[in-house]
Amino acid sequence: MNMGYERSFFFDHVRRNPFSGRLASGQVAGLAAVLEAWEARNPIEGPAALAYALATAFHETAATMQPVRETLAKTDQLAVMRLESAYSAGRLRTVKTPYWRYDADGRTWLGRGLVQLTHRRNYQKMAELTGIDLIAAPHRAMEMDVAVKILIEGMRAGSFTGRKLGDYFGPGKSDWVGARKIINGNDRAAQVAGYAKAFAAALRDDAAIAA
């Protein structure tokens with residue numbers, strides 16, 4: 001059964017929160033792409049999980065809801081330059097391996113998409129999960145339909161950290177703060193939880209918000 005979230009209600013609500021009063025065409029297109037892909041799957045995790053996926057994309061794309069490169073660079077080359085500069089200056093202290101550096105085949109495994117996919121091994125995981133050859137063509141993570149698949153299937157399967165949407169959302173459970181572990185430990189967990197609750201309100205999931 002298709003959930004069929006009501007678009008007019010949804011967009012009216014998210015325009016106010018978390019988008020602060022207006023929606024650009026790219027934001028509308030990105031939101032619609034995620035909604036449509038989720039509805040096509042009708043996952044058992046429910047609307048709260050969808051709200052969290054939307055919040056993750058909102059956070060990871062700097063609210064653009066469009067696939068982006070790490071550092072929001074327009075090209076791979078510029079992103080690599082920015083990352084290398086930050087690394088050399090000691091601003092990326094948690095990075096042990098500079099994953100953005102070009103490999104022998106001229107490919108870079110910098111962050112791309114609606115959720116920042118980094119490192120060759122993670123591109124390989126998502127290639128296997130989605131059936132899209134992201135090793136031969138890592139830039140395809142910037143295509144909207146591919147980025148949406150990575151976002152939804154990766155979060156459902158636990159591909160990023162081993163934690164998945166079903167661990168935090170489903171009948172009788174909504175762990176808005178803990179769900180950040182699906183992507184990035186506790187980093188900005190409360191902030192992303194706030195975005196997720198705003199999206200849940202737009203999806204009319206009042207029970208999950210109150211949980």
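Going by the structure above, here's the rest.
Reference entry: report on the structure contained in this document. Residues take numbers from 1 onward in each chain, read along the sequence in its written order. Residues qualify for local features only when their pLDDT is at least 70, as the model is predicted, and side-chain atom pairs are given and counted only at 80 or more; totals for whole chains, interfaces and linings, by contrast, use all residues. By convention in this description, side-chain values take in all heavy atoms of the structure and omit both hydrogens and water.

### Some points on helix α7 (residues 189–202)
This is how the line gets drawn: Numbering of helices and strands starts at the N terminus; helices are DSSP runs of H or I of at least 4 residues and strands are runs of E of at least 2. A helix is expected to reach a length of 1.5 Å times the quantity of its residues less one. In this scheme, a residue with accessible area under 20% of its type's maximum is buried, one over 50% is exposed, and one in between is partly exposed, where area comes from a 1.4 Å probe on protein chains only.
Between its terminal C-alpha atoms α7 stretches 20 Å, which fits the 20 Å expected from 14 residues at 1.5 Å a residue. Inspection of α7 places A189, V192, A193, Y195, A196, A198, F199, A200 and A202 among the buried residues, and these make up the whole buried set. Residue R204 follows α7 closely and has a positive phi angle near 60°.

### Details of the nonpolar core
As a reminder of what qualifies: Only buried residues count toward a nonpolar core. Its members are Ala, Val, Leu, Ile, Met, Phe, Trp, Tyr and Cys residues joined through side-chain atoms within 4.5 Å. Whether two residues touch is decided by their heavy atoms; if any such pair falls within 4.5 Å, the residues are in contact.
Counting 59 residues, the largest nonpolar core has F10, L31, L134 and F199 as its most contacted members. For this core, the secondary-structure elements that each account for two or more residues are α1 (7–16), α2 (25–41), α3 (47–60), α5 (120–130), α6 (144–157) and α7. Apart from residues no more than four positions distant in its own chain, L31 is found in contact with F10, F11, V14, F19, L23, L54, M65 and F199.

### Looking at the pattern of salt bridges
This is how the line gets drawn: We count a salt bridge whenever a side-chain nitrogen from Lys or Arg sits within 4 Å of a carboxyl oxygen from Asp or Glu.
Considering all chains together, one arrives at 14 salt bridges under this definition. Between R69 and D76 there is a salt bridge; the shortest N-O distance is 2.7 Å. For R69, a relative accessible area of 18% corresponds to the buried category. Among the ionic pairs, R140 bridges to E143, the shortest N-O distance being 3.1 Å. Judged by relative accessible area, R140 falls into the partly exposed class, the value being 29%. Salt bridges sharing partners connect three or more residues here, namely E60, R180 and D187.

### Points about the environment of A157
Along the chain, A157 falls in helix α6. Of the residues examined, A157 reaches a relative accessible area of 43% and is grouped as partly exposed. Put simply, A157 and L203 are 46 residues apart on the chain and 23 Å apart in space, counted from C-alpha to C-alpha. Non-local contacts of A157, meaning those with residues more than four positions away in its chain, are made with L129 and K164.

### A short note on the side chain of R107
The cut-off we apply is this: Definition of a polar contact: a pair of N or O atoms within 3.5 Å, with one able to donate and the other able to accept a hydrogen when the atoms are protein atoms, and with sequence-neighbouring residues admitted only if both atoms are side-chain atoms.
Mapped onto the secondary structure, R107 falls in the loop between α4 (76–88) and β2 (112–113). In this structure R107 comes out as buried when scored by relative accessible area, which is 19%. Among the polar contacts made by the side chain of R107, one reaches the side chain of D105 at a distance of 2.7 Å. Here R107 is in contact with R101, Y102, I135, A136 and P138, once residues within four sequence places are set aside.

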